[in-house]
Amino acid sequence: PFASPPVGSLRWKAPQPPAPWVGTRTTIEEPAMCVQNETLPTWIMMPNATGSEDCLYLNIYRPQSDEKNLPVYFWIHGGANSSGDAGLYNLENLAKRANVVAVVVQYRLNAFGWFTHPALRQTSTSAESSGNFGTLDQIQALKWVGENIAAFGGNPSNVTVAGESAGGHNTMAMIISPLAKGLFHRAIMESGGMVSESVSTADQTSNRTIDTALIMDGTAEDMAEAKTVRLNMTDGQTEQFLRQLSASDLLRAISGGPGNAAPPLGNLIEDGYVIPGDLLCTIESGRYNKVPIIAGANETEVGSINTLFCSAEHQQETGQSCNLLPDEAMPNYIDLLEVVQGKRKLDDVLQTVTDKHLWKKTNHYGGLFWRAAFVDELLRRMSKHQDDVYGYSFNWGEEDVRPGGAGFVYGAAHALEIPFFQGNADGPGINEFDWQVATGFTDRNLPGRKALTTSIISYIAQFLWTGNPNLAGTGLPKWQRWSNHVGGPKAIILDADVREANIKMDTTEVSMASVRHALEAESQEVQIHTRLLSAPYATYEPGHYDYNVCRDTRAL
């Protein structure tokens, strides 16, 4: 434990130090995951709650040696800040191959991790009033590492914060949060792909949660009546009502009521204290925690995410939570999961040449938007204030190396880089989170996977030790720093064929404007399809997120 259990009166409170113990603590079982909806290996959420509010624990891996002062790799798991846990990640191979101490941290999720309301802010500290409890948990865990990791052979003066997806988003939270200053010394952001929100927007979510809970307990019959009841409650009554909700009822309420499975994304809340403002604006201002950073994305990030789009009929029949198709004329894309598993043929789901063409184009532009929004736009700003900025594009996984449906449906999809970055893509160690996107690992492509994994681990290990991914004598291409000069080095391409790694520096820079311009040259059908499927993840629509104007000036 790195903090006391945030239960009872400690729900929606800043994490407190753990209770001390005498002697050696036996830790041979995985901790309970934080409260969340059950998530299938295919990433589909079910309406039943699982986990515990008593979940603030971390796992530690280290090499089987007596060596001291090893770099510390601090991994923040993904899952949209709504799901995930430490037990999904086996960092044994990373600890061994990079010769580091690896830490996996759990943190409060969904309504327990990011939640604010005027009633909860009345008597709270500045940190607690922020609503960023999951962020505070991660900061508390970093403090614990600073105070205790030497006992495990780790060097508290050499800590790298790393994470993928929501974990990458949370890694950037450590970069911009003043409360995390000095607690870490390097950062690795893999496919971070979320945005923060204002306090007023977060309050709207909490009000909907309260209204839904009032219907659930029979106090109101519909949302209109529930709103009237809520507005007549005092702050004290509202706080008491929220705190007395069981964990499962709170999760159901924020998910929209019984039978619904998907809670809102756990977006960071721009409170001005824990999170000073919008990510890009804070980076633009130069007032952030400057450390050497590696940041990148996968070539077709949305390949796996777009398989979670389904028809309303499918959702009703199965009870599974998925993104409802905006156009019922589209194929039921969730059926592509069975194509990847070898249970159905691709032609059964994408029945025409046009269907297949639209799928490939949507994945292509979705990946470009992801990279532009969450990598290149970020690194361009960071490079104005520091030199040690490294970008990457992970491109392994297309049809030429991965057989069956996985190569076509997924490509280099979201989360596929994790087993390569953690030393698990060329042997035992694939974890549950990797299972879906790692489908298609075969004997034929094993030599290429081995070469790519070995190369990436070499880069990552050197970065963990020194803050620079390059080591003389390895024979690897030099991973050059990001340059804002036209034609200068941008991201390194991490790829392999079935036999060997294909790694090279690239000078291509991707911007939101350039991707929009390219998409507008496509057919109307491609444009519409891309907007419908990729907008939720790649912030496509102009005005939804303006990358040229800071919408929150507090950071400036």
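Residues numbered from 1 in each chain as written. Predicted model: local features only at pLDDT ≥ 70, side-chain atom pairs only at ≥ 80, totals over all residues. Heavy atoms only, no water.

## Description of the overall build of the protein chain
Okay, so step 1: Regarding its fold elements, the protein chain presents 22 helices and 15 strands.
Okay, so step 2: Expected size for 556 residues packed as a compact globule is a radius of gyration near 24 Å; at 23 Å, the protein chain falls within 12% of this value.
Okay, so step 3: With respect to the principal axes defined by its C-alpha atoms, the protein chain has extents near 65 × 60 × 45 Å.
Okay, so step 4: Looking at the protein chain residue by residue over its 556 residues, the buried ones come to 59%. (Helix = DSSP H or I, 4+ residues; strand = E, 2+ residues; numbered from the N terminus. Rg over C-alpha atoms; globule rule 2.2 N^0.38 Å. Buried < 20%, exposed > 50% of the residue type's maximum accessible area, 1.4 Å probe, protein only.)

## Some points on the state of the cysteines
Note on terminology: a disulfide is the covalent bond linking the sulfur atoms of two cysteines.
Okay, so step 1: If you walk through the whole model with that rule in mind, you get one disulfide.
Okay, so step 2: Disulfide partner of C34: C55, at an S-S distance of 2.1 Å. Handedness here is read from the sign of the S-S torsion; for C34 and C55, about 90°, the answer is right-handed. In this pair, C34 is assigned in the segment before β1 (36-39) and C55 in the loop between β2 (45-50) and β3 (58-61), connecting sequence segments 21 residues apart.
Okay, so step 3: Judged by its relative accessible area of 2%, C34 is buried. (Disulfide = S-S within 2.5 Å.)

## Some remarks on the packing of aromatic side chains
Okay, so step 1: Scanning the model with the defined rule gives 15 aromatic pairs in all.
Okay, so step 2: Both rings, one in Y390 and one in F463, keep their centres 6.4 Å apart while their planes meet at 80°; by these two values the pair is edge-to-face. Of this pair, Y390 sits in strand β13 (residues 389-394) while F463 sits in helix α20 (residues 446-466), and the two are 73 residues apart along the sequence. With respect to burial, Y390 and F463 carry one shared label: buried.
Okay, so step 3: With a centroid separation of 5.3 Å and an interplanar angle of 50°, the aromatic rings of W396 and F420 are classed as tilted. A residue pair is termed long-range when its members are at least 10 positions apart, and W396 in the loop between β13 and α17 (404-409) and F420 in helix α18 (residues 418-421) qualify at 24 residues.
Okay, so step 4: One aromatic cluster in this structure is built from Y390, Y459, F463 and W479.
Okay, so step 5: The positively charged end of R11 is found above the aromatic ring belonging to W12, 5.3 Å away from the centroid. (Phe/Tyr/Trp six-rings, centres within 6.5 Å; stacked < 30°, edge-to-face > 60°. Lys NZ or Arg CZ within 6 Å of the ring centre and 35° of its normal.)

## As for unusual backbone geometry
Okay, so step 1: With phi around 60°, A80 is a residue other than glycine that occupies positive phi space.
Okay, so step 2: By the secondary structure assignment, A80 is in the loop between β4 (70-76) and α1 (92-98).
Okay, so step 3: Residue S165 is not a glycine yet carries a positive backbone phi of 60°.
Okay, so step 4: Along the polypeptide, S165 turns up in the loop between β6 (154-164) and α6 (166-176).

## Overview of the sheet that holds β3
Okay, so step 1: With mixed pairing, the nine strands of this open sheet are ordered in space as β3-β5-β4-β6-β7-β10-β13-β14-β15. One side of each edge strand has no neighbouring strand; the edge strands of this open sheet are β3 and β15 (501-505). Looking at each pair of strands side by side, their axes are set apart by 20° on average, direction ignored.
Okay, so step 2: Where β6 and strand β7 (residues 186-190) come together, five bridges link them in parallel fashion. Within the sheet, the bridge partner assigned to G163 lies in β7 and is M189.
Okay, so step 3: Its contacts with the sheet put helix α5 (residues 133-148) on β3, β4, β5 (101-105) and β6, and the angle it makes with β4 is roughly 165°.
Okay, so step 4: Packed on one face of the sheet, α20 meets β4, β6, β7, β10 (293-298), β13, β14 (491-496) and β15 and runs near 145° to β7. (Pairing = 2+ DSSP bridges. Axes fitted to C-alpha atoms, helices over the stretch in contact; angles between N-to-C directions. Contact = heavy atoms within 4.5 Å.)

## A closer look at helix α7 (residues 199-216)
Okay, so step 1: For α7, built from 18 residues, the straight-helix expectation of 26 Å at 1.5 Å per residue is met to within 8% by its first-to-last C-alpha distance of 25 Å.
Okay, so step 2: Within α7 the residues assigned to the buried category are A202, D203, T205, S206, N207, T209, I210, D211, T212, A213 and L214.
Okay, so step 3: In this structure, the buried side of α7 is in contact with α3 (118-121), β8 (197-198), α8 (223-231), α9 (235-244), α10 (247-255) and β9 (269-270).
Okay, so step 4: Just past α7, the residue G218 takes up positive phi, approximately 85°. (Expected span 1.5 Å × (residues − 1).)

## Here's the deal with the confidence of the model for the protein chain
Okay, so step 1: Summarising the model, the protein chain shows a mean pLDDT of 91, and 94% of its residues fall at 70 or more.
Okay, so step 2: Within the model, the stretch residues 540-545 combines pLDDT values under 50 with 14 contacts to residues more than four positions away or in other chains.
Okay, so step 3: Below pLDDT 50 for its whole length, residues 552-556 participates in 17 contacts with residues either more than four positions away or in separate chains. (pLDDT = per-residue confidence, 0-100.)

## Some points on the environment of D66
Okay, so step 1: Looking at where D66 falls in the secondary structure, it is placed in the loop between β3 and β4.
Okay, so step 2: For D66, a relative accessible area of 72% corresponds to the exposed category.
Okay, so step 3: Separated by 86 residues in the primary sequence, D66 and F152 have C-alpha atoms spaced 9.4 Å apart.

## Considering the packing of α7 against α10
Okay, so step 1: Look at α7 against α10: their axes get within 8 Å of each other, and the N-to-C directions meet at 115°. Read as a crossing pair, α7 and α10 show a hand that is right-handed. In this structure, α7 contributes T205, T209, T212, A213 and M216 to the contact, and α10 contributes D249, L250, R252, A253 and I254.
Okay, so step 2: Broken down by class, the residue content of the contact of α7 with α10 amounts to five nonpolar, three polar and two charged. (Left-handed = near helix turned anticlockwise from the far one by under 90°. Nonpolar A, V, L, I, M, F, W, Y, C, P; charged D, E, K, R; others polar.)

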